[in-house]
Amino acid sequence: MEMKRVLLKLSGEALAGPKKTGFDEATVLAVAKQIKAISDEGVQIGIVIGGGNFWRGRTSETIDRNKADQIGMLATIMNCIYVSDLCRYTGMKTEIYTPFACGAFTRLYSKDSVEESFAQGKLVFFAGGTGHPYFSTDTATVLRAVEIEADAILLAKAVDGIYDSDPKVNPDAVKYDEISIQEVVDKKLAAMDLTASIMCLEQKMPMMVFALDEENSIINTVHGKFSGTKVTV
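Presented here is a report on the structure given in the accompanying data block.

What counts as what
- Residues numbered from 1 in each chain as written.
- Predicted model: local features only at pLDDT ≥ 70, side-chain atom pairs only at ≥ 80, totals over all residues.
- Heavy atoms only, no water.
- Helix = DSSP H or I, 4+ residues; strand = E, 2+ residues; numbered from the N terminus.
- Rg over C-alpha atoms; globule rule 2.2 N^0.38 Å.
- Buried < 20%, exposed > 50% of the residue type's maximum accessible area, 1.4 Å probe, protein only.
- Contact = heavy atoms within 4.5 Å.
- Areas by Shrake-Rupley, 256 points an atom, 1.4 Å probe, with all protein chains shown as cover.
- Lys, Arg positive; Asp, Glu negative; His and termini not counted.
- Charge placed at Lys NZ, Arg CZ, Asp CG, Glu CD.
- Pairing = 2+ DSSP bridges.
- Axes fitted to C-alpha atoms, helices over the stretch in contact; angles between N-to-C directions.
- Expected span 1.5 Å × (residues − 1).
- Phe/Tyr/Trp six-rings, centres within 6.5 Å; stacked < 30°, edge-to-face > 60°.

Helix and strand counts for the protein chain stand at eight helices and eleven strands. Taking 17 Å as the expected radius of gyration for a compact globule of 233 residues, we find that the protein chain reaches 17 Å, a close match to that expectation. For the protein chain, the spread of C-alpha atoms along the three principal axes comes to 50 × 45 × 35 Å. The buried share of the protein chain, taken over its 233 residues, is 51%. Taking all contacts inside the protein chain whose residues are at least 6 apart in sequence as the whole, residues at least 24 apart take part in 71%. Carbon and sulfur atoms make up 51% of the accessible area of the protein chain, which totals about 11,200 Å². Across the protein chain, 25 positive and 31 negative side-chain charges occur, with their mean positions spaced 3 Å apart.

Within the fold, Asp24 resides in the loop between α1 (12-16) and α2 (25-40). For Asp24, the residues in contact, after removing those within four places along its chain, are Leu15, Ala16, Gly17, Pro18 and Lys19.

This part is about the sheet that holds strand β3 (residues 94-98). Each strand in a sheet pairs with its neighbour through backbone hydrogen bonds, running either in the same direction (parallel) or in the opposite one (antiparallel). With mixed pairing, nine strands are arranged side by side in an open sheet as β4-β3-β5-β2-β1-β6-β10-β11-β9. In this open sheet, the two strands that pair with only one neighbour each are β4 (107-108) and β9 (178-180). Contacts between helix α3 (residues 65-89) and the sheet are confined to β2 (44-49), β3 and β5 (123-126), with β3 contributing the most and set at about 170° to the helix.

Between its first and last C-alpha, α2 extends 22 Å over 16 residues, near the 22 Å set by a 1.5 Å rise per residue. Val28, Leu29, Val31, Ala32, Gln34, Ile35 and Ile38 are the residues of α2 that are buried. Check the buried side of α2 and you find it contacts β1 (5-10), α1, β2, α3, β5 and α8 (217-222). Just beyond α2, the residue with positive phi is Gly42, at close to 100°.

As a further point, take the side chain of Thr139. Here Thr139 lies in helix α5 (residues 137-147). Look past the residues within four positions of Thr139 in its chain and what remains in contact with it is Asp193, Thr195 and Ala196.

Right, let's get into the pairing of β2. With five of six residues buried, β2 lies mostly within the body of the structure. Direction of pairing for β2 relative to β5: parallel, over a ladder of two bridges. Looking across to β5, one finds that Ile47 is bridged to Phe125.

What follows concerns the packing of aromatic side chains. The way to describe two aromatic rings as a pair is by their centre distance and the angle between their planes. For the coordinates displayed, the defined rule picks out three aromatic pairs. Geometrically, the ring pair formed by Phe23 and Phe54 is edge-to-face, given 5.3 Å between the ring centres and 80° between the ring planes. Residue Phe23 is located in the loop between α1 and α2, and its partner Phe54 is located in the loop between β2 and α3; the two are separated by 31 residues in the primary sequence. Judged by relative accessible area, which is 19%, Phe23 ranks as buried. Overall, the relative accessible area of 35% leaves Phe54 in the partly exposed class. Ring geometry for Tyr109 and Phe126: centres 5.9 Å apart, planes at 70°, overall edge-to-face.

Below you can see the structure in the form of structure tokens.
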């Protein structure tokens, strides 16, 4: 599949590298250099980043879910500002969009503005999730991918694909090289949350799931040479 426009989802934890929290600059810089290499080939790239390196609101039983999710949205904005600036350091132009006003840090999301940014050769970040509680950055990823008519979602995770069970818990877990989104939904496999998976199914949005920490993993995925899981529609 030739990819002219992709939506790259980066896990917050993956950006933290071996530290498991915050930012690991070497890890993020390596990601930025891969993104630049793809961008230089003419591929338009939208990016969504999770917030797990700063905040996992659902682990708290004492805070209101709405507030927990709002903190998570802010975590994704911090991540996008950081990654955006390291991408600028490598020579790219960037723009960060949020679904709500965020001072002078970001621009308010609109499809027209995003298309202008792509036309100007910019790397586009979608921060702040969907802007609503109860929706994850997975759902925001699929929503934006559908809106910008991406050719595919590139799901860069801390694990190297989709398994039939959790490989961290089950050493005998089997990885899928290719699987349909219908099967992902039917088996409730943890590629992304169920809301996002169902949206992928309804909107026929293909996905490539792979480990961020493998060498040149993003470049290889765009070029069709990857060892993760291809999710077909």
